[in-house]
Amino acid sequence: MSRSPASSGLLPMPGSPSSSWALYRARFASVFQNTDTSVLVAFWLFGLINNVLYVIILSAAQDLVGSDVPKGLVLLADVLPSFLTKLVAPYFIHRVPYWLRIIVFVAGSSLGMFMIALTPPDKSVGAKMAGVIFASLTSGAGELSFLGLTHYYGHMSLAAWGSGTGAAGLVGAGLYVMFTDWIGFSVRNSLLASAFLPIIMLVSFFLILPRGPLREGEGAKEYQAVPEQELVQDDVEDGMPTLNSASSLLSPSPSAASTVFAADNLDSLSKFRANLRRTKSLFFPYMLPLLLVYVAEYTINQGVSPTLLFPLESTPLKEYRDFYPMYGFLYQLGVFISRSSIAFVRIRHLYFPSLLQVGNLVVLMLHALLPFLPSVYIVFVIIFWEGLLGGAVYVNTFAEIMQNVPASEREFSLGATSVSDSGGICIAGFVSMAIELRLCKWQVQHGRDWCKKIQVG
């Protein structure tokens, strides 16, 4: 059952019947009134560091493989391991304590980046992709773990995580553009510097994050199936402790009803089937729109944008290789803004922005084939708009789960739904590999050979 914005702690849409400027200001203040700043900082850093290496790798894709290898290959190496991790890990990762997960994530991410950076430019692309795969495995496990961790810390931890992941795109793409284009660092040195960033994750978890809510929930590690039977209200009330609204929001344990009526002796197969049933119930309202938006936007980013080139004299850029990271920066700027807006603006009809994203894909692909957009600045605006839509669908999907899914199923649901973004990116990776080289070949045949003037960095 959905709740009002007031009861959920989220702000109404400006101009909606439930909003006025006075009410909006009051609710804005109440959002942060009882929020632990250390929780916000910790989850913002989790989102930033867990995603920033992924963005840096994609920003460097063109320099890593050149114009003769489709950038979709880098995308697949960066996402497919993460997708597989998210597909299977929610069914067993809850058995691993969070402190141990953090250490593994930091070690794996740094090792992957060192492998990429230290591979000589003239060596096989496969050696670089091995490092990308290693970093991807830890990033995927990190995302579903931190999303599950928000269950213990309430809605504002999700808002901070979403803002951090958006900032990761902005910081990652911005740093790579700054290092390689403005300062003049080599690709190798830029990647080496980024290999030390995961250390911040250790500081965030062990020194900044309050551990109390997590410790209180350590006794409820197992996902438990709720029996498929009607519960008598009096029985529920007799078996449930009384909780106020604040404690129920931050409660680290499954709901009392599931604790009282869960079958303690369920075997592993029964628990697996129960989780599959939960996953099926999540598909159409949450997983499918998230899948669609990611298929569209990453097909744009990796398959179409490398061919969205203009004569250099008509643009603010100096080289043709500069288009790709600039598009990536503008996309991540839009993602950051929209993912940071969840406490202020909510989108409940998730399919609408997903379909708008498909429209962006159609427009930009048509322009790559039959150029009709007169200026690169129009493409800049479309790419920024693409980022706004993608970030909005991502963070609002998980906000809807936080609001509508019962507390006893919320931790699993948040982690399981995260498979949709990686699944969508994987699909986009295969599509991008098929279309990028074809678009480039089409352009060369029609007198636009700019896409062939980009070499490995």
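Note that the structure is a prediction, hence the values are computed from the model and not measured. (Residues numbered from 1 in each chain as written. Predicted model: local features only at pLDDT ≥ 70, side-chain atom pairs only at ≥ 80, totals over all residues. Heavy atoms only, no water.)

A.B. asks: Quick question: what am I supposed to make of the overall build of the protein chain here?
C.D. replies: Within the protein chain one finds 20 helices and zero strands. Here the protein chain holds 457 residues, and 54% of them are scored as buried. Residue pairs in contact within the protein chain that sit at least 24 positions apart in sequence constitute 83% of those at least 6 positions apart. Total accessible area computed for the protein chain in this model is approximately 19,500 Å², and 67% of it derives from carbon and sulfur atoms. (Helix = DSSP H or I, 4+ residues; strand = E, 2+ residues; numbered from the N terminus. Buried < 20%, exposed > 50% of the residue type's maximum accessible area, 1.4 Å probe, protein only. Contact = heavy atoms within 4.5 Å. Areas by Shrake-Rupley, 256 points an atom, 1.4 Å probe, with all protein chains shown as cover.)

A.B. asks: Explain the environment of S67 to me, please; I cannot follow it from the model alone.
C.D. replies: The topology assignment puts S67 in the loop between α4 (61-65) and α5 (71-88). Distance in space between the C-alpha atoms of S67 and Q455 is 6.1 Å, their sequence separation being 388 residues.

A.B. asks: Looking at this structure, I do not really get the packing of aromatic side chains. What am I missing?
C.D. replies: Summed over the entire model, instances satisfying the criterion amount to 21 aromatic pairs. Taken together, a centroid distance of 6.4 Å and an interplanar angle of 40° make the contact between F46 and F205 tilted. Here F46, found in helix α3 (residues 37-59), pairs with F205, found in helix α10 (residues 199-208); they are 159 residues apart in sequence, far enough to count as distant. Both residues of the pair, F46 and F205, belong to the buried class. When the ring of Y377 is compared with that of F380, the centres are 5.7 Å apart and the planes differ by 90°; the resulting orientation is edge-to-face. On the criterion of helical spacing, the pair formed by Y377 and F380 is a turn pair, its members being three residues apart in helix α18 (residues 376-404). Given the relative accessible area of 44%, Y377 is considered partly exposed. (Phe/Tyr/Trp six-rings, centres within 6.5 Å; stacked < 30°, edge-to-face > 60°.)

A.B. asks: In this structure, what is going on with the pattern of salt bridges? I would like to understand it.
C.D. replies: Between side chains of opposite charge, a pair can form as their charged atoms come close. Considering all chains together, one arrives at eight salt bridges under this definition. In this structure, the salt-bridge partner of E436 is K71, at a minimum N-O distance of 2.9 Å. Within this pair, whereas E436 is found in helix α20 (residues 419-445), its partner K71 is found in helix α5, the two being separated by 365 residues in sequence. For E436, a relative accessible area of 4% corresponds to the buried category. K71 sits in the buried class, given a relative accessible area of 2%. Put simply, D322 and R321 hold a salt bridge, and the shortest N to O gap is 3.1 Å. The residues D322 and R321 share a single accessibility class, namely buried. One continuous salt-bridge network, built from bridges that share partners, spans D63, R321 and D322. (Salt bridge = Lys/Arg side-chain N within 4 Å of Asp/Glu carboxyl O.)

A.B. asks: What am I meant to see in the confidence of the model for the protein chain here?
C.D. replies: For any part of a model where pLDDT is low, the fine detail of the predicted coordinates should not be relied upon. Model confidence for the protein chain is summarised by a mean pLDDT of 82, while 81% of its residues fall at 70 or above. Put simply, helix α13 (residues 245-250) is where the protein chain has its lowest mean pLDDT, 35, and helix α17 (residues 351-369) is where it has its highest, 97. Note on residues 1-9: pLDDT under 50 across the span, and 15 contacts to partners over four residues away in sequence or across chains. In the predicted structure, residues 221-265 sits below a pLDDT of 50 and forms 56 contacts with residues beyond four places in sequence or in another chain. (pLDDT = per-residue confidence, 0-100.)

A.B. asks: Where do I start with the state of the cysteines in this structure?
C.D. replies: Joining two cysteines, a disulfide is a covalent bond between their sulfur atoms. With the rule as written, the count across this model stands at one disulfide. The partner cysteine of C440 in its disulfide is C451, sulfur to sulfur 2.0 Å. Measuring handedness by torsion sign, the sulfur bridge of C440 and C451 sits at about 90° and is right-handed. Of this pair, C440 sits in helix α20 while C451 sits in the segment after α20; the two residues are eleven residues apart in sequence, bridging distant segments of the chain. You can call C451 buried: its relative accessible area is 5%. (Disulfide = S-S within 2.5 Å.)

A.B. asks: What am I meant to see in the environment of F134 here?
C.D. replies: Locating F134 in the fold gives a position in helix α7 (residues 125-149). Overall, the relative accessible area of 34% leaves F134 in the partly exposed class. In the structure, F134 is positioned 56 residues away from D78 in sequence and 8.6 Å away in space, judged by C-alpha atoms. Each residue touching F134, except ones within four places of it in the same chain, is listed here: G108, L111 and G112.

A.B. asks: Please clarify how the packing of helix α15 (residues 268-304) against α20 should be interpreted in this entry.
C.D. replies: Between two packed helices, both the angle of their axes relative to each other and the distance between the axes serve to describe the pair. Direction vectors running N to C along α15 and α20 enclose 30°, while the axes themselves pass 7 Å from each other. Classified by the interaxial angle, the pair formed by α15 and α20 is roughly parallel. For the pair α15 and α20, the sense of crossing is right-handed. (Axes fitted to C-alpha atoms, helices over the stretch in contact; angles between N-to-C directions. Parallel < 35°, antiparallel > 145°, perpendicular 65-115°, else oblique. Left-handed = near helix turned anticlockwise from the far one by under 90°.)

A.B. asks: What is the right way to look at the packing of α3 against α5 in this model?
C.D. replies: Two numbers describe how α3 lies on α5: the axes approach to 10 Å, and their chain directions differ by 165°. Considered as vectors, α3 and α5 are oriented roughly antiparallel to each other. When the axes of α3 and α5 are compared, the crossing they make is right-handed. Contacts between α3 and α5 involve Y54, I57 and L58 from the first element and V74, L75, D78 and V79 from the second. Tallied by class, residues from the contact of α3 with α5 come to six nonpolar, no polar and one charged. (Nonpolar A, V, L, I, M, F, W, Y, C, P; charged D, E, K, R; others polar.)

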